[in-house]
Amino acid sequence: MYYGGIEAGGTKFICAVSDEKQNIIAKTSIPTTTPEETLQGTFDFFDQYEISAMGIGSFGPIGINESKDNYGYILATPKPGWSEFDFLGQMKAKYDIPFVWTTDVNAAAYGELKKGAAQGKNSCIYLTVGTGIGGGVVIDGKIFSGINHPEMGHIHVKRHPDDDYEGKCPYHKDCLEGLAAGPSLEARTGIKGQDLPEDHPIWEIQAYYIAQALMSYVLTLAPERIILGGGVMNQDHLLMKIRQSFVEQVAGYVETPPVSEYIVRWGLPNESGITGCLLLAEDAVKTK
C-alpha cells in the first residue's frame with residue numbers, strides 16, 4: 001500500500017510516495033508555475049504508483065468548509081493564475097482515492113506532532129517564519145480548524161517603541177507578518193536577514209513581535225509545545241531572544257514548561273510538511 005503527499009508551496013510542490021511503514025520511496029520537487037503545468041508534473045509523478053490515499057498541504061488561503069462551493073479551492077492568493085483555482089477538485093478528477101485537504105502549515109504541525117519536535121504531546125503550534133509567517137495548530141491530536149483555517153501570521157501586534165516601519169503586508173501593513181517576516185528585515189536595514197550581524201538591534205525588535213504573538217497563542221490555545229521553523233529561524237541567537245522576550249512579556253501570568261523545552265526549533269527541518277501530508281494520507285485509509 002502506497003500513500004501520496006503533496007506539500008504545495010508558492011515556489012515549489014514537494015511530492016512524495018511512502019510505503020505502509022511511512023518510508024519515503026520516491027520524492028520530487030516541481031516548480032510552481034501555472035496550475036496546468038504544475039499539476040501535469042504532479043500527475044506524471046504519481047501516475048507511476050498505485051496510491052491508496054493522498055494528503056495535500058497547500059499554500060493559501062484555501063477553502064476548507066465542505067459545505068461551501070469553494071471547498072478545495074485556493075482562494076485570494078497573489079500567486080498569478082492560482083486565485084480561485086479548484087486544486088482539490090482537479091486532483092479528485094484524476095484519482096479516485098481518499099484525500100485529506102489542509103494548509104501547508106497545518107500539515108507541518110501534524111508532522112511535528114507525530115514525528116518531530118512535539119512527539120508524545122497531544123497539542124502543538126507550528127509557526128514558520130520566512131518570506132511570510134504562517135501557523136498550524138493541532139489539538140487533541142487533530143488539526144484544528146473552524147469556519148476557516150488559522151491565519152496566525154496576520155494577527156495584529158503591539159508596536160515596538162523603537163520601530164516606525166510601516167509594515168510590508170499588502171493587506172494589513174503592520175500585522176505580525178508585515179512586521180516580522182524575512183522581507184521586513186531587509187526593508188528596514190537594506191541588508192538581507194542572513195547577512196545581518198547577531199548584535200544588530202533589529203533582531204531584538206523581531207524577537208519582540210514573534211514572542212508577543214506566541215504569548216497570544218498561548219493565552220488563547222494553551223498548546224503543550226510551540227515549534228518554530230522556516231528560513232529566518234536558522235539562527236540560534238534569534239531563538240534565544242524570542243524565548244527571553246516571551247518570558248518577559250508573559251510576566252508570570254500563566255504557567256508554562258521551562259521555555260527552553262516549550263519553545264523549540266522544528267525537529268524535521270524542511271520535512272515537516274511532507275511528513276504530515278503522508279501521515280494524513282495514512283489516517284484517511286485507516287478511517288475509511
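Identification of the protein chain as fructokinase from Candidatus Enterococcus myersii is taken from an unreviewed UniProt entry. Regarding the protein chain, the UniProt comment filed under Catalytic activity (unreviewed entry) reads as follows: "D-fructose + ATP = D-fructose 6-phosphate + ADP + H(+)". You can read under Cofactor (unreviewed entry) in the UniProt record for the protein chain the words "Mg(2+)".

What follows deals with the environment of His 160. In this structure, His 160 sits in the loop between β8 (142–143) and α4 (176–180). Looking at His 160, the relative accessible area reads 13%, which means it is buried. Sequence separation of His 160 and Pro 98 is 62 residues, and the distance between their C-alpha atoms is 47 Å. Apart from residues lying up to four places away in sequence, His 160 is in contact with Ile 205, Tyr 208 and Tyr 209. At 2.9 Å, the side chain of His 160 forms a polar contact with the backbone nitrogen of Asp 162.

What follows is about the side chain of Ser 58. Position of Ser 58 among the secondary structure elements: in strand β4 (residues 51–58). For Ser 58, a relative accessible area of 0% corresponds to the buried category. Discounting residues that sit within four places of it in the chain, Ser 58 has contacts with Ala 8, Ile 74, Phe 87, Trp 101, Thr 102, Thr 103 and Asp 104.

Among the structural elements, Gly 134 can be located in strand β7 (residues 133–139). Placed 31 residues apart in sequence, Gly 134 and Thr 103 show a C-alpha to C-alpha distance of 9.6 Å. The residues contacting Gly 134, other than those within four sequence positions of it, are Val 105, Tyr 126, Leu 127 and Thr 128.

Calculation criteria
- Residues numbered from 1 in each chain as written.
- Predicted model: local features only at pLDDT ≥ 70, side-chain atom pairs only at ≥ 80, totals over all residues.
- Heavy atoms only, no water.
- UniProt positions renumbered as here; feature names shortened; annotations may be inferred.
- Helix = DSSP H or I, 4+ residues; strand = E, 2+ residues; numbered from the N terminus.
- Buried < 20%, exposed > 50% of the residue type's maximum accessible area, 1.4 Å probe, protein only.
- Contact = heavy atoms within 4.5 Å.
- Polar contact = N/O pair within 3.5 Å; in protein donor to acceptor, adjacent residues only side chain to side chain.

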